[in-house]
Amino acid sequence: QVQLVESGGGLVQTGGSLRLTCAASGFTFSSYAMKWYRQAPGKERELVATISSTDSTTNYVDSVKGRFTISRDNAKNTVYLQMSSLKPEDTAVYYCNAFRWGVVKTFSYWGQGTQVTVSS
């Protein structure tokens with residue numbers, strides 16, 4: 001029943017903006033850190049942004065700092081990634097991830113991804 005569904009990807013020109021949305025269901029959303037990863041063709045999957053489950057502390061990979069903003073709305077079980085000043089190197093499939101530590105195991109759920117293409 002756990003489901004993460006990304007949306008909002010698409011084609012945008014260099015310098016443009018997109019907002020990605022991840023709609024979550026089937027688990028206690030507020031107990032999970034939410035993360036955005038991306039994977040470009042031929043490259044490893046990269047952690048882009050994280051927002052904590054407690055105080056909504058955020059972290060970003062250096063390459064997107066100042067350009068991307070992760071946020072969450074626990075009432076809507078939704079996490080967002082606002083992307084601005086997009087560059088061709090931002091082109092990738094973006095994945096939503098939910099993560100939490102447990103006593104005997106960790107819990108990690110993934111969406112199917114949404115394609116972001118930034119034209120040069």
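The following paragraphs examine the structure supplied in this document. (Residues numbered from 1 in each chain as written. Predicted model: local features only at pLDDT ≥ 70, side-chain atom pairs only at ≥ 80, totals over all residues. Heavy atoms only, no water.)

This part covers the pairing of strand 7 (residues 68-73). Burial along strand 7 is one-sided: the residues Phe 68, Ile 70 and Arg 72 are buried and none of Thr 69, Ser 71 and Asp 73 is. Pairing of strand 7 with strand 8 (residues 78-83) involves 6 bridges; the strand directions are antiparallel. Among the inter-strand pairings, Phe 68 is bridged to a residue of strand 8, identified as Met 83. Hairpin connection, strand 7 to strand 8: the antiparallel pair is bridged by 4 residues, and Asn 77 has positive phi, about 50°. (Buried < 20%, exposed > 50% of the residue type's maximum accessible area, 1.4 Å probe, protein only. Helix = DSSP H or I, 4+ residues; strand = E, 2+ residues; numbered from the N terminus. Pairing = 2+ DSSP bridges.)

One open sheet accounts for 4 strands, arranged 1-3-8-7; its pairing is antiparallel. For this open sheet the edge positions go to strand 1 (3-7) and strand 7, each flanked by a neighbour on one side alone. For this sheet the average axis-to-axis angle between neighbouring strands, irrespective of direction, equals 15°. (Axes fitted to C-alpha atoms, helices over the stretch in contact; angles between N-to-C directions.)

Counting residues in each nonpolar core, the largest one holds 29 residues, and the members touching the most others are Met 34, Trp 36, Val 79, Leu 81, Met 83 and Tyr 94. Put simply, the parts of the chain that give this core at least two residues each are strand 3 (18-25), strand 4 (33-39), strand 5 (46-51), strand 7, strand 8, strand 9 (92-101) and strand 11 (114-119). Discounting residues that sit within four places of it in the chain, Tyr 94 has contacts with Glu 6, Leu 20, Trp 36, Tyr 37, Arg 38, Val 48, Phe 68, Leu 81, Met 83, Gly 113, Thr 114 and Val 116. (Core = buried A, V, L, I, M, F, W, Y, C linked by side-chain atoms within 4.5 Å. Contact = heavy atoms within 4.5 Å.)

What follows concerns the environment of Val 5. Secondary-structure assignment places Val 5 in strand 1. Sequence separation between Val 5 and Gln 112 is 107 residues, and the spatial gap between their C-alpha atoms is 6.8 Å.

For the rest of this paragraph, the subject is the state of the cysteines. Counted according to the given criterion, the structure contains 1 disulfide. Here Cys 22 engages in a disulfide with Cys 96; their sulfurs sit 2.1 Å apart. Classification of the bridge connecting Cys 22 and Cys 96 rests on its S-S torsion, roughly -85°, and on that basis the disulfide is left-handed. Separated by 74 residues along the polypeptide, Cys 22 in strand 3 and Cys 96 in strand 9 bring together distant segments of the chain. On the basis of relative accessible area, Cys 22 is assigned to the buried category, the value being 0%. (Disulfide = S-S within 2.5 Å.)

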